[in-house]
Amino acid sequence: FFFAMSVQKGEKLFKTRCAQCHTYEDGGAHKQGPNLHGLFGRTAGTIPDFAYSVANKESGIEWNEDTLFEYLENPKKYIPKTKMNFAGFKKAGDRKDVIAFLKSVC
């Protein structure tokens, strides 16, 4: 279901909606949110040097295209009591584009 996505659109969305809180480069710094490098296949809340919410650490979620697609629509609904202060990407196409971008750089 991720055939109609744009890495370029996803990069633009990431820069305008995500980059204020997240980096994605290997070894990149944490900001208000954790660095996202190596996100795919990682269990939520497991980067040792980032202060995740208890809800995030105890969620047991493994990040992949499907879990991110649901999470990015409404983070606080997907993981109640998460510290991520982001309303979400309501458009499915925007979520697919951001995920395509993250897959290309993470």
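Up top is the structure these notes are about.
Residues numbered from 1 in each chain as written. Predicted model: local features only at pLDDT ≥ 70, side-chain atom pairs only at ≥ 80, totals over all residues. Heavy atoms only, no water.

The subject of this paragraph is the layout of surface pockets. Over the atoms, a rolling probe the size of a water molecule traces out where space has been left empty. A volume near 570 Å³ is recorded for the largest pocket. Counting only elements with at least two residues in the lining of the largest pocket, the list comes to α1 (7–17), α3 (65–71) and α5 (92–105). Grouping the constituent residues of the lining of the largest pocket by class yields 18 nonpolar, ten polar and three charged. (1 Å grid on protein atoms, 1.4 Å probe; cavity = no way out; pocket = protein on both sides within 12 Å on 5 of 7 lines; lining within 4 Å. Points joined across faces, edges and corners; volume = space filled by probe spheres on them. Helix = DSSP H or I, 4+ residues; strand = E, 2+ residues; numbered from the N terminus. Nonpolar A, V, L, I, M, F, W, Y, C, P; charged D, E, K, R; others polar.)

Attention now moves to the nonpolar core. Judged by nonpolar contacts, the single largest core of 20 residues is most densely connected at Phe14, Trp63, Leu72, Phe89, Val98 and Leu102. Of all the secondary structure elements, the ones that give two or more residues to this core are α1, α3 and α5. By residue number, the principal contributor to this core is α5, which donates four residues. Setting aside its immediate chain neighbours within four residues, Trp63 contacts Leu39, Phe40, Gly41, Arg42, Thr43, Ala44, Leu68, Tyr71, Tyr78 and Ile79. (Core = buried A, V, L, I, M, F, W, Y, C linked by side-chain atoms within 4.5 Å. Buried < 20%, exposed > 50% of the residue type's maximum accessible area, 1.4 Å probe, protein only. Contact = heavy atoms within 4.5 Å.)

Within the structure shown, the criterion is met by two salt bridges. Linking Glu11 and Lys15 is a salt bridge whose minimum nitrogen-to-oxygen distance equals 3.3 Å. Of this pair, Glu11 and Lys15 both sit in helix α1, four residues apart, which is roughly one turn of the helix. For Glu11, a relative accessible area of 29% corresponds to the partly exposed category. For Lys15, a relative accessible area of 52% gives the class exposed. The salt bridge involving Lys103 is made with Glu65; its shortest N-O contact spans 2.2 Å. You can see Lys103 sitting in helix α5 and its partner Glu65 sitting in helix α3, a full 38 residues away along the chain. (Salt bridge = Lys/Arg side-chain N within 4 Å of Asp/Glu carboxyl O.)

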